[in-house]
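Results of the structural survey
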Protein chains: 2
Amino acid sequence: MTADGRLSWRAVRDRIHARILSGHYAPGDRLPRDADIADTLGCARSTVQRAMQDLSDSGIVERRRKGGTRVRPDPVTRATFEIPVTRREVEAKGGRYGYQLIRRALEETPRTIAATLEIGAPERMLRVEALHLSDGRPFMLEDRWISTATAPEILDVDLSVESANEWLVVNRPYSRCDVRFSAEAAGEREAELLGCAPGSALFVIDRTTWIGTRPITTVKAATAPGYELLTRTPGDQGAM
Amino acid sequence: MTADGRLSWRAVRDRIHARILSGHYAPGDRLPRDADIADTLGCARSTVQRAMQDLSDSGIVERRRKGGTRVRPDPVTRATFEIPVTRREVEAKGGRYGYQLIRRALEETPRTIAATLEIGAPERMLRVEALHLSDGRPFMLEDRWISTATAPEILDVDLSVESANEWLVVNRPYSRCDVRFSAEAAGEREAELLGCAPGSALFVIDRTTWIGTRPITTVKAATAPGYELLTRTPGDQGAM
DNA sequence: TAGTGGTCTAGACCACCGG
DNA sequence: CGGTGGTCTAGACCACTAT
């Protein structure tokens, strides 16, 4: 509710949501038209529209022109995660950030990497391996390929000082990003670098970014044992 | 653009985004007021507002009353994942779904579970262990606690036929959901049930749901080796 | 306190798609 | 083709917060 007696779109949303939760509208049911809901509640149609859009974004209802609005018959859990720059992530967890360059080389991408980056043929790119530390202990090991065609300046960056992660995030904003989570057993090399036993279960984040259709970078980040990723809740302004 | 010469909010968004990508507006920079952008582009302020809201939701800009709109100085990757009902997930991957109840018992929750569910004291709840199968092979092992106070009807459900996962999703929509991803080594028991070697790296999804402040269920789902979770992209209507 | 984003309204027209 | 959601506009007022 706003200060006067008008309904806010959040109030409308909550009201409709409550009716769904209570079973008044069951999965698969069709809801009244926006205009009718607006009339019933005594607010503008655009207010209902906003509320509905939020419910739709949350995966609670499905909306189709002419088909109307239906309670989603097959609910899904929709969760949003935030992956900050690694330095910030370490600091946010109360650690002192450290960084260590392990390897830097120009190499031809394997076919798998070329496919991931959606380029037709393998290409010579900058490959960077680096370790992020928290309080001096290994936190995350990244194995990265950077397109020197898309980001040639990276060749002049002293990656022993500034991480590619940080440089790219500031200097090569992306327009598209694919993320993949998985679990993987630590290999010999990873185990040694991450300071854990070989075979330890590692949480792995694969990320690939593009600017337009041009690939920027793809990185496999293996986190030290114990890493967790939580849904973003604080503030939650993003519920919209 | 709409059919006539008017700018759509997406067009406005892309235009502003392009200026950020090109470095015209750098991280930390303040953008013009919505009203000025509207004047410049020749559209209504609310159109700019919509565009800005999308950029804000995507974590690209930050907006504050009086403070104006700024390019987020510290970009984050924001990724949304969808976790469907397990049966649907198996089927979507082209598998034949199977299900097997392993254990069903009334037990007192350990303190950790009580804390997760945000209830003050341990409580007697229904504990269910079950295995989801894909083409007859183990796909996901779930260990679940269900509040019999919030969902007493679950006691009458034949969980050897219908999975708690499915029943709850249809009969107990939630108003809040916490999700946590992690990697974990398979224990003896898990390994046997999932048909993998002990110590295998498993992708684990912890989920807890509430209706209002009342806990519904908390579940730890350990997936068979090889499981991956991808950002939801298709259609992408949810970019908003 | 003044400036900026946030929201509501009322009305119009468009785009999509189910019957 | 007709019904429904999607979007744009123009204007008003509110809410937050930087200065």
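If you're wondering where the values come from, they're calculated on a predicted model, not measured in any experiment. (Residues numbered from 1 in each chain as written. Chains lettered and ligands numbered in written order. Predicted model: local features only at pLDDT ≥ 70, side-chain atom pairs only at ≥ 80, totals over all residues. Heavy atoms only, no water.)

**Observations regarding the protein's contact with DNA strand C**
In the neighbourhood of DNA strand C, 28 residues make up the surrounding shell, with S8, W9 and T47 of chain A together with R45 and R63 of chain B lying closest. A distance of 2.4 Å separates a phosphate oxygen of DNA strand C from a polar atom in the side chain of T47 of chain A. At a separation of 3.2 Å, a sugar or linking oxygen of DNA strand C approaches a polar side-chain atom of K66 of chain B. When residues of the surface near DNA strand C are traced back to their parent elements, those giving at least two are α1 (9–21) and α3 (45–57) of chain A together with α3 (45–57), β1 (61–64) and β2 (68–71) of chain B. The element that contributes the greatest number of residues to the surface near DNA strand C is α3 of chain A, accounting for four residues. Split into classes, the residues belonging to the surface near DNA strand C amount to five nonpolar, eight polar and 15 charged. (Near = heavy atom within 4 Å. Polar contact = N/O pair within 3.5 Å; in protein donor to acceptor, adjacent residues only side chain to side chain. Helix = DSSP H or I, 4+ residues; strand = E, 2+ residues; numbered from the N terminus. Nonpolar A, V, L, I, M, F, W, Y, C, P; charged D, E, K, R; others polar.)

**Some remarks on the interface of chain A and chain B**
Contacts between chain A and chain B engage 49 residues on the former and 50 residues on the latter. For the pairing of chain A and chain B, the buried interface totals around 4200 Å² over both sides, and the portion due to carbon and sulfur atoms is 55%. Put simply, chain A and chain B have six salt bridges between them. D74 of chain B is the partner of R88 of chain A in a salt bridge, and the nearest nitrogen-oxygen pair spans 2.8 Å. On the surface where chain A and chain B come into contact, there are 21 residue pairs in polar contact (both at pLDDT 80 or more). Breaking the side of chain A that touches chain B down by element, the ones donating at least two residues are α1, α3, β3 (76–84), α6 (164–171), β7 (176–185), β8 (201–211) and β10 (228–230) of chain A. (Contact = heavy atoms within 4.5 Å. Buried area = accessible area lost by both parts, 1.4 Å probe. Salt bridge = Lys/Arg side-chain N within 4 Å of Asp/Glu carboxyl O.)

**Quick look at a positive patch on the surface**
All names here are of chain A. A surface patch of like charges, here positive, comprises R30, R64, K66 and R70. Checked against the element boundaries, R30 lands in the loop between α1 and α2 (34–41). Accessibility expressed as a relative area gives 45% for R30, which makes it partly exposed. (Patch = residues over 30% accessible without salt bridge, like charges linked within 9 Å, V, L, I, M, F, W, Y side chains within 5 Å. Areas by Shrake-Rupley, 256 points an atom, 1.4 Å probe, with all protein chains shown as cover. Lys, Arg positive; Asp, Glu negative; His and termini not counted. Charge placed at Lys NZ, Arg CZ, Asp CG, Glu CD. Buried < 20%, exposed > 50% of the residue type's maximum accessible area, 1.4 Å probe, protein only.)

**Structural notes on the pairing of strand β6 (residues 137–146) of chain B**
Residues and elements named next belong to chain B. Among the 10 residues of β6, seven are classified as buried, and the element is accordingly described as predominantly covered. Turn length for the strand β5 (residues 124–134)-β6 hairpin, with the two strands adjacent in sequence and antiparallel, is two residues, and the turn residue D135 shows positive phi of about 55 degrees. Two elements, β6 and strand β9 (residues 214–223), share seven bridges in a ladder whose sense is antiparallel. Bridging across to β9, D143 finds its partner in K220. (Pairing = 2+ DSSP bridges.)

**Re the side chain of D74 of chain A**
Along the chain, the position of D74 of chain A falls in the loop between β2 (68–71) and β3. Looking at D74 of chain A, its side chain comes within polar contact range of the side chain of R88 of chain B, at 2.9 Å. Setting aside residues no more than four positions away along its own chain, D74 of chain A makes contact with V85 and R88 of chain B.

**Comments concerning helix α6 (residues 164–171) of chain B**
Buried within α6 of chain B are the following residues: A164, N165, E166, W167 and L168 of chain B. Packing partners of the buried residues in α6 of chain B comprise α4 (86–92), β4 (97–108), β5, β6, β8 (201–211) and β9 of chain B.

**Description of the domain arrangement of chain A**
For chain A, the domain assignment lists domain 1 (9–71) and domain 2 (86–223). Relative to domain 2 of chain A, the C-alpha centre of domain 1 of chain A lies at a distance of 43 Å. (Domains from an automatic or database assignment.)

**Describing the state of the cysteines**
With the rule as written, the count across this model stands at zero disulfides over all chains. For the unlinked cysteine C196 of chain B, the closest cysteine sulfur is that of C196 of chain A, found at 18 Å. (Disulfide = S-S within 2.5 Å.)

**Topic: the protein's contact with DNA strand D**
Not every one of the 28 residues close to DNA strand D is listed here, only the nearest: R45 and R63 of chain A together with S8, W9 and T47 of chain B. For DNA strand D, the backbone portion of the atoms within 4 Å of the protein, that is sugar and phosphate, comes to 70%. T47 of chain B places a polar side-chain atom, nitrogen or oxygen, 2.4 Å from a phosphate oxygen of DNA strand D. Those elements giving two or more residues to the surface near DNA strand D turn out to be α3, β1 (61–64) and β2 of chain A together with α1 (9–21) and α3 of chain B. Per-element accounting of the surface near DNA strand D gives the leading share, four residues, to α3 of chain B.

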